[in-house]
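# Examining the three-dimensional arrangement
Spelled out from the first residue to the last, the chains are:
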Amino acid sequence: MKPIDRVTETAGKISSMEIRGAGRIATAAAASLKEYALAVQAESFEDFNQKTAVAADLLLKTRPTAVSLSNAIRMVMKYKADDIDGARQAIAANADRFIENSQKAVEKIGQIGSKRIRDGDTVLTHCNSNAAISVISAAHKSGKNIKVIATESRPRFQGITTIGMLDKMGIETELIVDSAVRSVMNDVDLVVVGADVITANGTLVNKIGTAQIALCAREARTSFMVAAETYKFSPETILGELVTIEEREATEVLADISRYKHVRVRNPAFDVTPHQYIDLICTEAGAISPEMSYLIIRERLGWEMKEDSG
């Protein structure tokens, strides 16, 4: 298999959601770029740079909403080198660093976020987030007697993955359909969800259904916490860019849609939760209010508003 074919294979797995979850997507892309950079043959340094740029773009286009993907690619491809060998090693080192830091970030988020969970609490989580599960797992490992309510997360049923992970940890868990959230919210002490994107003002873009959970939590006066690595924050939103909400195939919702002549299916993969509905964002850099998101972008991702010099 040619090096670019391996990148195409990874891109296909990301696009089809065989590889899913913002963190997993990011680390898979980083690993793919490392493998490609070490294997691709190039006639010149310029040719190498062009080929790696094409590979990066191929991965970038797979999931338009996930800022973790674009941030990962940007971090891996940010290198200085004078020749092909130097560039290969730089990309490989960047990828290794990103993957290691990502793993450490999830562990740190678990340590910090778990302090917000009290003994005897019932925690509700949505979809399947490594960061959110890390928070729940750390609380459980510390000896706190907790219970989890997980949503099935239609149409892709990521919640089934979540309950499987929690079951292996020995955590008492209930599975509910997404639309049952309002019925159980008064029994919930804390909502913990992951993130696909966090904007400059602290607004959350996450798995479809998150916004209605936040609305129910606010009505019930239940705390709503987001667990997210800092690379989930979107630098582009500082410059006014809007987050693209991915629309996926109708067949994910209605497999036999071709039978219907007058039916159209809408299948947005994500929704938007206003920052006013979020009590806390737990990152590896610490627990912050949504309003501090700009500082995370500026200090951790190296972006800040600059006057137009043109």
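Look up a bit, the structure's there.
Each value, and the rule that gives it
Residues numbered from 1 in each chain as written. Predicted model: local features only at pLDDT ≥ 70, side-chain atom pairs only at ≥ 80, totals over all residues. Heavy atoms only, no water. Pairing = 2+ DSSP bridges. Helix = DSSP H or I, 4+ residues; strand = E, 2+ residues; numbered from the N terminus. Buried < 20%, exposed > 50% of the residue type's maximum accessible area, 1.4 Å probe, protein only. Contact = heavy atoms within 4.5 Å. Expected span 1.5 Å × (residues − 1). Arc of directions from axis to C-beta. Axes fitted to C-alpha atoms, helices over the stretch in contact; angles between N-to-C directions. Parallel < 35°, antiparallel > 145°, perpendicular 65-115°, else oblique. Nonpolar A, V, L, I, M, F, W, Y, C, P; charged D, E, K, R; others polar.

### Considerations on the pairing of strand 6 (residues 204-207)
Bridge count between strand 5 (residues 197-198) and strand 6: 2 bridges; the pairing is antiparallel. Paired with Ile-198 across the bridge in strand 6 is Leu-204. Here strand 5 folds back onto strand 6 in antiparallel fashion, the turn holding 5 residues, of which Gly-202 has a positive phi close to 90°. Here 4 bridges tie strand 6 to strand 8 (residues 270-273), and the two strands are oriented antiparallel to one another. Residue pairing across strands places Leu-204 opposite Thr-273, the latter belonging to strand 8.

### Regarding the environment of Leu-280
With respect to the secondary-structure elements, Leu-280 resides in strand 9 (residues 280-283). The exposure class assigned to Leu-280 is buried, which follows from its relative accessible area of 11%. Counting along the chain gives 174 residues from Leu-280 to Val-106, while the straight-line C-alpha distance between them is 16 Å. Apart from residues no more than four positions distant in its own chain, Leu-280 is found in contact with Arg-116, Phe-224, Met-225, Val-226, Ala-287 and Ile-288.

### Some thoughts on helix 1 (residues 3-15)
Owing to its 3.6 residues per turn, the α-helix brings residues three or four apart onto one side. For helix 1, built from 13 residues, the straight-helix expectation of 18 Å at 1.5 Å per residue is met to within 8% by its first-to-last C-alpha distance of 19 Å. Those residues of helix 1 not exposed but buried are Val-7, Thr-10, Ala-11 and Ile-14. Looking straight down helix 1, one finds that the buried residues subtend no more than 100° of arc, so they occupy a single side. Taken from the residues just after helix 1, Met-17 is the one with a positive phi, measuring 70°.

### Observations concerning the packing of helix 1 against helix 2 (residues 22-39)
Between two packed helices, the angle of one axis relative to the other and the distance separating the axes together describe the packing. The contact between helix 1 and helix 2 brings their axes to 9 Å, and the two run at 175°. Relative to helix 2, the element helix 1 lies roughly antiparallel. For the pair helix 1 and helix 2, contact is made by Pro-3, Ile-4, Arg-6, Val-7, Thr-10 and Ile-14 and by Ile-25, Ala-28, Ser-32, Glu-35, Tyr-36 and Ala-39, respectively. Here the residues of the contact of helix 1 with helix 2 sort into 8 nonpolar, 2 polar and 2 charged.

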